Amino acid sequence: MARYFENSSDALVSDALEGFALVHDDLITFDPQHGFLLARHTAPSRRVALVSGGGAGHEPMHAGYVGRGMLDAACPGRVFASPHNRQVYEGSRAAARPEGVLHIVKNYTGDRINFGIAAERLARCDIPCARVLISDDLASDADGIASGRRGTGGTVLIEKLLGAAADDGLGLAELQELGERLSARCRTLAVASAAHTAPTLGEPAFHLGADEIEYGVGIHGERASATARQGPLDALIDRMSEELIAALDPEPGSTLLTLVNGLGAVTPLELYAIHREFSRVLGRHGLSPARTLVGDYVTALDMRGFSLTLLVADPSDLPFYDAPVHTAALRW
């Protein structure tokens, strides 16, 4: 049994948010009553605010991406749970710009419902609101899944691109159109050799054999349709990369953004080896990443796993990626 270092499971998220706000007081403010984080500094050219959120346990997402060049506000829920619609409403109202708010929502039922209720409340206050739904998880792309693909690692890349586009002064409809295009051309696939430890129980969420992996695991520990043998890294990345490429069918020379993301307990040593293999497979198809990130960007508590994200962008999107960003977790 693994115990979390916490005062209590109920207090862990709020304690962590207060600590985060103390460390990053130059970047954000924290509203403990309504549970949202607000950027201190965003570009005055913004006509639309960007607001996102979701369950805690995925740090640095989303709190770590609040700041200049990315999100205006983030609304963290309890561990692996949607934020309450009041959080989203209050955070959106505090962040709103003259032309309203764009909600960036990962495709989970609770997130969709609560962001939807908040959008209805904003409309009653005459605050325009639109939504971009992130649905990049290739493993949940199946006819039997009524809710559709889950939202996972691609969220970080899309929030970065939309943040720069908002800084450029794009309007609400333009940002929504851009976000929908990016989401449609983005896919992620994740694997894990060990589950996360559930804070309330101190036990792994699921169990695997010594040479088994969960192929297509979700960022909340959702089990895949099948368990596979782990095998050597090159064969695993071959399989994952080929599936991502087949899903998006990029032409040779396409502008690609890639993310090699740790799910909480995989070492940087492994992640860079994974990136090497990912790049090797892309090269075999005449493809090369224009930009890439490697590290822990969307975690699943202490899950021993990683995800690969492939986003087929337009060349005109690269200036949005390269534009300055200054948040707790992403800056250049």
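Note that the structure is a prediction, hence the values are computed from the model and not measured.

K.L.:
Please provide a residue-by-residue account of the overall build of the protein chain, values included.
P.N.:
When helices and strands are counted, the protein chain shows eight helices and 16 strands. Its C-alpha radius of gyration of 19 Å places the protein chain within 12% of the 20 Å reference for a compact globule of 332 residues. The dimensions of the protein chain, computed from C-alpha atoms along their principal axes, are 55 × 50 × 40 Å. Here the protein chain holds 332 residues, and the buried ones make up 55% of them. Once local pairs closer than 6 in sequence are excluded, the contacts in the protein chain between residues at least 24 apart make up 75%. For the protein chain, the computed accessible surface area is about 13700 Å², with 52% contributed by carbon and sulfur atoms.

K.L.:
So what's going on with the sheet that holds strand β13 (residues 255-262)? Which residues, and what values?
P.N.:
Reading across the sheet, the six strands line up as β12-β11-β8-β15-β13-β14 and stay open at both edges, with mixed pairing between neighbours. One side of each edge strand has no neighbouring strand; the edge strands of this open sheet are β12 (227-229) and β14 (289-295). Ignoring strand direction, the axes of neighbouring strands in this sheet form an average angle of 20°. Both strand β8 (residues 186-194) and strand β11 (residues 212-215) contribute to a ladder of two bridges, which runs antiparallel. Bridged to V191 within β11 is Y215.

K.L.:
I'd like to hear about the side chain of D317, residue by residue, with values.
P.N.:
Turning to its location among the elements, D317 is positioned in the loop between β15 (304-313) and α8 (318-322). When its relative accessible area of 3% is taken as the criterion, D317 is described as buried. When near neighbours in sequence (up to four residues on either side) are disregarded, D317 contacts L161, L178, R181 and L182.

K.L.:
Give a detailed account of the sheet that holds strand β7 (residues 129-134), specifying residues and quantitative values.
P.N.:
Across a sheet, strands are paired by hydrogen bonds formed along the backbone, either parallel or antiparallel in direction. In space, the six strands of this open sheet follow the order β1-β2-β5-β3-β6-β7, with mixed pairing throughout. A strand with exactly one partner marks an edge of an open sheet, and here the two such strands are β1 (28-31) and β7. Each strand of the sheet is rotated relative to its neighbour by a mean of 20°, with strand direction disregarded. Relative to strand β5 (residues 73-79), strand β2 (residues 36-39) is paired through two bridges, and the arrangement is antiparallel. Paired with L38 across the bridge in β5 is A73. Against the sheet, helix α1 (residues 12-23) makes contact with β1, β2, β3 (49-56) and β5, and its axis sits at roughly 150° relative to β1, the strand it touches most. Those strands touched by helix α5 (residues 172-184) are β3, β6 (101-106) and β7, and its axis lies near 10° from that of β7.

K.L.:
Tell me about the domain arrangement of the protein chain, residues and numbers included.
P.N.:
In terms of domains, the protein chain is made up of domain 1 (12-184) and domain 2 (186-320). Taken over C-alpha atoms, the centre of domain 1 sits 23 Å from the centre of domain 2. Facing the 33 residues of domain 1 at the interface are 30 residues of domain 2. Buried area between domain 1 and domain 2, summed over both chains or domains, comes out near 2700 Å², and the portion from carbon and sulfur atoms is 65%. Sorting the residues of domain 1 by area buried against domain 2 places F80, L138 and L157 first, and these three jointly supply 23% of that buried surface.

K.L.:
Can you explain the packing of helix α4 (residues 154-167) against α5? Please cite residues and give values.
P.N.:
The packing of two helices is summarised by the inter-axis angle and the distance between the axes. At a closest axis distance of 10 Å, the pairing of α4 and α5 adopts a crossing angle of 155°. Judged on the interaxial angle alone, α5 and α4 are roughly antiparallel. Between α4 and α5 lies a crossing whose hand is right-handed. Contact residues: α4 offers I158, L161, L162, A165 and A166, while α5 offers L175, L178, G179, L182 and S183. Among the residues making up the contact of α4 with α5, the classes are represented as eight nonpolar, two polar and no charged.

K.L.:
An account of empty space enclosed by the protein is needed here, citing residue identities and associated values.
P.N.:
Over the atoms rolls a probe the size of a water molecule, and in doing so it shows where empty space is left. Tallying each qualifying case throughout the model produces one cavity of 30 Å³ or more. Taken as a whole, the largest cavity holds about 40 Å³ of empty space. Lining of the largest cavity is provided by D137, T152, G153, T188, A190, V217, I219, N261, L263, V298 and S307. Taken together, the residues of the lining of the largest cavity break down into five nonpolar, five polar and one charged. In this structure, the lining of the largest cavity is formed jointly by two domains, domain 1 (12-184) and domain 2 (186-320), each of which donates at least three residues.

So, how was this worked out
Residues numbered from 1 in each chain as written. Predicted model: local features only at pLDDT ≥ 70, side-chain atom pairs only at ≥ 80, totals over all residues. Heavy atoms only, no water. Helix = DSSP H or I, 4+ residues; strand = E, 2+ residues; numbered from the N terminus. Rg over C-alpha atoms; globule rule 2.2 N^0.38 Å. Buried < 20%, exposed > 50% of the residue type's maximum accessible area, 1.4 Å probe, protein only. Contact = heavy atoms within 4.5 Å. Areas by Shrake-Rupley, 256 points an atom, 1.4 Å probe, with all protein chains shown as cover. Pairing = 2+ DSSP bridges. Axes fitted to C-alpha atoms, helices over the stretch in contact; angles between N-to-C directions. Domains from an automatic or database assignment. Buried area = accessible area lost by both parts, 1.4 Å probe. Parallel < 35°, antiparallel > 145°, perpendicular 65-115°, else oblique. Left-handed = near helix turned anticlockwise from the far one by under 90°. Nonpolar A, V, L, I, M, F, W, Y, C, P; charged D, E, K, R; others polar. 1 Å grid on protein atoms, 1.4 Å probe; cavity = no way out; pocket = protein on both sides within 12 Å on 5 of 7 lines; lining within 4 Å. Points joined across faces, edges and corners; volume = space filled by probe spheres on them.

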